[in-house]
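What follows is each chain in one-letter form.
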Amino acid sequence: MSIPTVRVRPHDSRPADGSAISKLSQVIGDDETPHAPRLLGRIDSSTSDAASRAWWDAEAQDYHREHGGFLGSDSRGGEFVWGPERLREADVHLLGDVAGRDILEIGCGSAPCSRWLVARGARAVGLDLSQKMLAHGLATMKRFDEPPVPLVQATAESLPFADESFDIAFSSFGAVPFVAEPARVMAEAARVLRPGGRWVFSVNHPMRWMFPDDPGPAGLTVTMPYFSRTPYSEVDADGTVTYVEHHRTIGDRVRDIRAAGLILDDIVEPEWPDDLEDEWGQWSPLRGQYFPGTAVFCCVKPR
């Protein structure tokens, strides 16, 4: 589901109106300072994992019905896009030469990216929390009689692979925004990469946190402090967390990458194409004219 399955919350999941303070108070309580930066919120890794697993299991069918065409999830050979701006790996080659390489997709969803890579001679493995998303990928490969991509159900914070198992690791809107401790994902990606290997991941552009998830004019007004790391969450009637996204700033991402011993060699901020008229949740041609919706971090493990 992710990677190219751009996982996004519905565009109205955060209110488009109301002050930043009132919205933050709904999450952290009126007794706390709403603008105080917090490296981690109150939602821990196990809670985040449980919420993401359940949410994507429940949404898998509708998600593919709505976005499968764009993502290539239900087409022969898959597809590899880095985000709603339709930045294709076939055009930008952020992973480099993939033929004959061992590649890990973290947060693969139904694995259209991994399927696309296998069709180009890669040895790809996909990993995701959601059994229903993985099952969709398996069914698609069987329907088209494609070479099977091994799919693994696990958390991105603890990869079930030996050290130096892969030449390349990547995530296209996969696990990174949904885990409580993304530094662990960076460290795990570095651990399973061979020296000289690449780690490339795309996420919501961090500046998007400041704006409501609204594709229209209301989505052009800042309503949230960029520096608040308090997670966005939804709960059910029993108080169980059912959906979580964790915000980090550009600086946070860079520091996590460096702490993992990786070298950051580029941050790609795709512009909205002139010929793309589709809206996808909060992404739209209107908002794309003014600021980026996606950030792609390109990293290398030193030799």
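Residues numbered from 1 in each chain as written. Predicted model: local features only at pLDDT ≥ 70, side-chain atom pairs only at ≥ 80, totals over all residues. Heavy atoms only, no water.

Quick look at a negative patch on the surface now. Taken together, Glu 271, Asp 274, Glu 277, Asp 278 and Glu 279 make up a surface patch of like negative charges. Structurally, Asp 278 is set in the loop between β8 (263-268) and α8 (285-288). (Patch = residues over 30% accessible without salt bridge, like charges linked within 9 Å, V, L, I, M, F, W, Y side chains within 5 Å. Areas by Shrake-Rupley, 256 points an atom, 1.4 Å probe, with all protein chains shown as cover. Salt bridge = Lys/Arg side-chain N within 4 Å of Asp/Glu carboxyl O. Lys, Arg positive; Asp, Glu negative; His and termini not counted. Charge placed at Lys NZ, Arg CZ, Asp CG, Glu CD. Helix = DSSP H or I, 4+ residues; strand = E, 2+ residues; numbered from the N terminus.)

For the pair helix α6 (residues 182-192) and helix α7 (residues 250-259), interaxial distance at closest approach is 8 Å and the crossing angle is 35°. Relative to α7, α6 is oriented so that their crossing is right-handed. Across the interface between the two elements, Pro 182, Ala 183 and Met 186 from α6 touch Arg 253, Asp 256 and Ile 257 from α7. Partitioned by chemical class, the residues of the contact of α6 with α7 number four nonpolar, no polar and two charged. (Axes fitted to C-alpha atoms, helices over the stretch in contact; angles between N-to-C directions. Left-handed = near helix turned anticlockwise from the far one by under 90°. Contact = heavy atoms within 4.5 Å. Nonpolar A, V, L, I, M, F, W, Y, C, P; charged D, E, K, R; others polar.)

According to the stated counting rule, one finds 14 salt bridges in the structure shown. For Asp 275, the salt bridge identified is with Arg 86, shortest N-O distance 2.7 Å. Note that Asp 275 is positioned in the loop between β8 and α8 and Arg 86 in the loop between α2 (45-71) and α3 (89-92), a separation of 189 residues in sequence. Its relative accessible area of 22% is what places Arg 86 among the partly exposed residues. In this structure, Arg 115 engages Glu 146 in a salt bridge whose closest nitrogen and oxygen atoms are separated by 2.8 Å. Here the residue Arg 115 occupies a position in helix α4 (residues 112-118), and Glu 146 occupies one in the loop between α5 (131-143) and β3 (151-153), the gap between them amounting to 31 residues. Residue Arg 115 is classed as buried on the basis of its relative accessible area of 2%. Through salt bridges with shared partners, one network takes in Asp 102, Arg 123, Asp 167 and Arg 194. (Buried < 20%, exposed > 50% of the residue type's maximum accessible area, 1.4 Å probe, protein only.)

Evaluation of the coordinates by the stated rule reveals 17 aromatic pairs. Every member of this aromatic cluster is reached through a ring pair, and the members are Trp 55, Trp 56, Tyr 63, Phe 178, Tyr 232 and Tyr 243. (Phe/Tyr/Trp six-rings, centres within 6.5 Å; stacked < 30°, edge-to-face > 60°.)

Right, let's talk about the environment of Pro 212 for a bit. With respect to the helices and strands, the residue Pro 212 is situated in the loop between β5 (193-204) and β6 (232-235). Residues Pro 212 and Gln 282, spaced 70 residues apart in sequence, show a C-alpha to C-alpha distance of 8.0 Å.

Between two packed helices, both the angle of their axes relative to each other and the distance between the axes serve to describe the pair. α5 packs onto α2 with a crossing angle of 40° between their chain directions and a minimal axis gap of 7 Å. Here α5 runs oblique to α2, going by the angle between their axes. Contact with α2, carried on its side by Trp 56, Asp 57, Ala 60, Tyr 63 and His 64, involves Gln 131, Lys 132, Met 133 and His 136 of α5 and no other residues of that element. Taken together, the residues that form the contact of α2 with α5 break down as four nonpolar, three polar and two charged. (Parallel < 35°, antiparallel > 145°, perpendicular 65-115°, else oblique.)

Among the five residues that make up strand β1 (residues 102-106), five are buried, leaving the element largely enclosed by the rest of the structure. Of the two faces of β1, the one carrying Asp 102, Leu 104 and Ile 106 and the one carrying Ile 103 and Glu 105 are both buried. Pairing between β1 and strand β2 (residues 123-128): five bridges, direction parallel. Residue pairing across strands places Ile 103 opposite Ala 124, the latter belonging to β2. Taken together, β1, α4 and β2 constitute a β-α-β crossover, and its handedness is right-handed. (Pairing = 2+ DSSP bridges. Right-handed = clockwise from strand over helix to strand, strands pointing away.)

This part is about the sheet that holds strand β9 (residues 294-300). Here we have seven strands laid out as an open sheet, ordered β3-β2-β1-β4-β5-β9-β8, and mixed in their pairing. Whereas interior strands pair on both sides, the edge strands pair on one side only; in this sheet they are β3 and β8. Averaged over all neighbouring strand pairs, the angle between strand axes comes to 15°, with direction disregarded. Where α5 meets the sheet, its contacts fall on β2 and β3, and the angle it forms with β3 comes to roughly 165°.

Further remarks concern the confidence of the model for the protein. When pLDDT is averaged along the protein, the result is 87; 86% of the residues meet or exceed 70. Within the model, pLDDT remains below 50 along residues 1-40, and this stretch shows 127 contacts once partners closer than five positions in the same chain are excluded. (pLDDT = per-residue confidence, 0-100.)

By the secondary structure assignment, Ile 263 is in strand β8. With 64 residues separating them along the chain, Ile 263 and Trp 199 place their C-alpha atoms 9.5 Å apart. Look past the residues within four positions of Ile 263 in its chain and what remains in contact with it is Cys 298, Cys 299, Val 300 and Pro 302.

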